[in-house]
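# Inside the fold
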Amino acid sequence: MKILALESSCDETAAAIVEDGRKVLSSVVASQVEEHKLYGGVVPEIASRRHCEAVVPVTKKALEDAGLQLSDVDAVAVTYAPGLIGALLVGVNFAKGLAMASHKPLVPVHHLRSHVAANYITSPELKPPFLGLVVSGGHTHIVQVKDYTDITVLGQTRDDAAGEAFDKAARAMGMPYPGGIELDKTAEGGNENAYSLPHPHVDGSPYDFSFSGLKTAVINVIHNAEQRGETLPVKDLAASYRKAVVDCLERNFVKAASDTDSTKLVIAGGVSANRLLRRRMESICQEHGWQFYRPELSLCGDNAAMVGSQAYYEFLAGHIAGPDLNARPEMPMQENSIS
Ligand code: KG4
Ligand code: ZN
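A few points on the structure.

The rules behind the values
- Residues numbered from 1 in each chain as written.
- Chains lettered and ligands numbered in written order.
- Predicted model: local features only at pLDDT ≥ 70, side-chain atom pairs only at ≥ 80, totals over all residues.
- Heavy atoms only, no water.
- Axes fitted to C-alpha atoms, helices over the stretch in contact; angles between N-to-C directions.
- Helix = DSSP H or I, 4+ residues; strand = E, 2+ residues; numbered from the N terminus.
- Parallel < 35°, antiparallel > 145°, perpendicular 65-115°, else oblique.
- Contact = heavy atoms within 4.5 Å.
- Nonpolar A, V, L, I, M, F, W, Y, C, P; charged D, E, K, R; others polar.
- Pairing = 2+ DSSP bridges.

The subject of this paragraph is the packing of helix α5 (residues 162-172) against helix α6 (residues 179-187). Close contact between α5 and α6 brings their axes to 7 Å; oriented N to C, the two are set at 70°. Considering the angle they form, α5 stands roughly perpendicular to α6. In contact with F166, D167, A169 and A170 of α5, α6 contributes G179, G180 and L183. Within the contact of α5 with α6, the residues separate by chemical class into four nonpolar, two polar and one charged.

In structure tokens form, the structure reads like this:
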């Protein structure tokens, strides 16, 4: 089954064609990041306008690259939640039009579920059940993936998401948006024990996260140095901060794995590209004899191939939308609102 998938939840307009959930026939991503860099973050109105401009050429290219016509695909899939509402609406309305005009089923896909599904493409042998850590710019979740569309959220962030915490600290260190990537690069080879930073816990909720105190602590270090006219060793500060964020992610994820007797651990989302997180999870899983999965780097950030992968399993579960499909800025990952 060939699915034409669309993604427009944030600042990437993407289209892909995926066969049977695992085989990517084409994948096209048009990023707006250079424009948003000028403003230090995503400007929602600009994002929506750029999606409007890009959605048709990106979709045409995905079909061309796969050597297919719209009539050759079996379904149209689209990210409908969560994300920037104006951005999501572009993809949702375009996908509705395509599906209606071509008489194909329309499959709505949850953005975070699709991040998890990036692993099905990278590791064709991976099947639920497994324990997932979904870390993106807007979300940080520990999830039990019992089946492809049967998901329980065990924990999540109470304030900033991991990606947001990286981006905000990076910005304070003078790095351009989205700073998480730059901070990760800068941290390589730095002294991660140079600064002792807090590792916040959420009392009574061992699988929940809180990053705002840690972020504030590093921003204070930067401001104090500025006030004293000192030059900070940015590499060491980046390394210490990255270590603290990854320590928190690893601590809760490993506890959840032990408590739930999980032996298969999967990371997903933009932050799953983080070098330290990947190294740490690799070695801790080896120590425990757990299987570890992570998406290839090109599938960590937003793309439509992952949407096409998850869409296949949503379709098999009967999750098909009608012409009244709407976008949603927030939506719990466990919810199957369409069936
Ligand atoms: O999943 P994603 O592409 O978009 C959302 O759904 O939010 O995640 C983007 C986030 C940004 O905060 C970005 O800075 C972060 O992922 N990110 C990283 C790395 N690569 C991307 N954070 C830390 N280390 C990285 N290597
Ligand atoms: Zn994302």
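Here A81 and P82 are connected by a cis peptide whose omega angle stands at -20°. Residues P128 and P129 are joined by a peptide bond in cis, for which omega reads 5°. Among the structural elements, P129 can be located in the loop between α4 (111-122) and β6 (130-135). With a phi angle near 55°, D261 is a residue other than glycine that sits in the positive phi range. In this fold, D261 is placed in the loop between α8 (234-259) and β9 (264-268).

Moving on to the sheet that holds strand β4 (residues 75-81). Reading across the sheet, the five strands line up as β3-β2-β1-β4-β5 and stay open at both edges, with mixed pairing between neighbours. The sheet is open, and its two borders are formed by β3 (23-31) and β5 (106-110), each paired with just one other strand. Neighbour-to-neighbour, the strand axes of this sheet turn through a mean angle of 20°, independent of strand direction. Bridging between strand β1 (residues 2-7) and β4 involves four bridges; their strand directions are parallel. Paired with A5 across the bridge in β4 is A77.

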